[in-house]
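Inside the fold
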Amino acid sequence: MPLLNASQIMEIIPHRHPFMLLDTIEEMEPGKRVAARKCVSYNEPYFAGHFPGEPVMPGVLIIEAMAQAGAVAMLSQPQMKGQTAYFAGISSAKFKKKVVPGDVLELEVEIVKVKGPIGIGRGTAMVDGQLAASAEITFAIGAQK
């Protein structure tokens, strides 16, 4: 049983279809780490053009899914309620395996540093126990408009 379902995730982060890239949160220590899932469906809108005849989830969306998972971990803290986590940087991104329709993307993000409204998370995306992608994500916490 997941810790949070899609409706509960949408109470924490502002992302909505078609850009919410998380289905469930499986484990979480608010402000420290998170494990999330994304079930990749052939119906994802980006597969129409990436790539016709060989659908592959774009690497930038895998990184975005990691960032959304990390945002859930950060914004689940009571003092962060109602805030938004914005991308401030991506480094050391590596892509090791294609992610295709039918895959279940297992995302893990560990928050490794926070100083004021700026933080860094290290994320991985796995499929069937194999590393698909990894990155270090810098984020900035700010108020929603």
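Examining the nonpolar core
Core analysis: the largest hydrophobic core is formed by 41 residues, its most contacted members being Leu22, Ile25, Met57, Met66 and Val72. Among the secondary structure elements, those contributing two or more residues to this core are β1 (24–29), β2 (33–39), α2 (59–75), β4 (104–115), β5 (118–127) and β6 (130–143).

Observations concerning the environment of phenylalanine 47
For phenylalanine 47, the position within the fold is in the loop between β2 and α2. A C-alpha to C-alpha distance of 8.8 Å links phenylalanine 47 and proline 58, two positions eleven residues apart in sequence. If near-sequence neighbours (up to four positions away) are discounted, phenylalanine 47 is found in contact with Val40, Ser41, Tyr42, Pro55, Val56, Met57 and Pro101.

Section: the sheet that holds β2
One open sheet holds the six strands; their spatial order is β1-β2-β4-β5-β6-β3, and the pairing between them is antiparallel. Each edge of the sheet is formed by a strand with only one pairing partner; in this case those strands are β1 and β3 (83–95). Within this sheet the neighbouring strands show an average axis-to-axis angle of 20°, counted without direction. Strand direction decides the pairing type here: β4 and β5, joined by nine bridges, are antiparallel. Bridged to valine 109 within β5 is glycine 123. Where α2 meets the sheet, its contacts fall on β1, β2, β3, β4, β5 and β6, and the angle it forms with β6 comes to roughly 50°.

A few points about the packing of aromatic side chains
Evaluation of the coordinates by the stated rule reveals two aromatic pairs. Judged by centre distance (6.4 Å) and plane angle (20°), the rings of tyrosine 42 and phenylalanine 47 are stacked. Judged by its relative accessible area of 56%, tyrosine 42 is exposed. Ring geometry for tyrosine 46 against phenylalanine 47: centres 4.7 Å apart, planes inclined by 65°, an arrangement best described as edge-to-face.

A word on the pattern of salt bridges
In the structure shown here, the tally under the stated rule is six salt bridges. Glutamate 27 is the salt-bridge partner of arginine 33, the closest N and O atoms lying 3.2 Å from each other. With a relative accessible area of 23%, arginine 33 lands in the partly exposed category. Salt-bridge contacts for lysine 98 lead to glutamate 54; the nearest nitrogen and oxygen are separated by 2.6 Å. Remark: glutamate 54 occurs in the loop between β2 and α2 and lysine 98 occurs in the loop between β3 and β4; sequence separation between them is 44 residues. Accessibility expressed as a relative area gives 48% for lysine 98, which makes it partly exposed. You can call glutamate 54 partly exposed: its relative accessible area is 41%. A single salt-bridge network, built from bridges that share partners, covers Glu26, Arg37 and Glu106.

How each quantity is defined
- Residues numbered from 1 in each chain as written.
- Predicted model: local features only at pLDDT ≥ 70, side-chain atom pairs only at ≥ 80, totals over all residues.
- Heavy atoms only, no water.
- Core = buried A, V, L, I, M, F, W, Y, C linked by side-chain atoms within 4.5 Å.
- Buried < 20%, exposed > 50% of the residue type's maximum accessible area, 1.4 Å probe, protein only.
- Helix = DSSP H or I, 4+ residues; strand = E, 2+ residues; numbered from the N terminus.
- Contact = heavy atoms within 4.5 Å.
- Pairing = 2+ DSSP bridges.
- Axes fitted to C-alpha atoms, helices over the stretch in contact; angles between N-to-C directions.
- Phe/Tyr/Trp six-rings, centres within 6.5 Å; stacked < 30°, edge-to-face > 60°.
- Salt bridge = Lys/Arg side-chain N within 4 Å of Asp/Glu carboxyl O.

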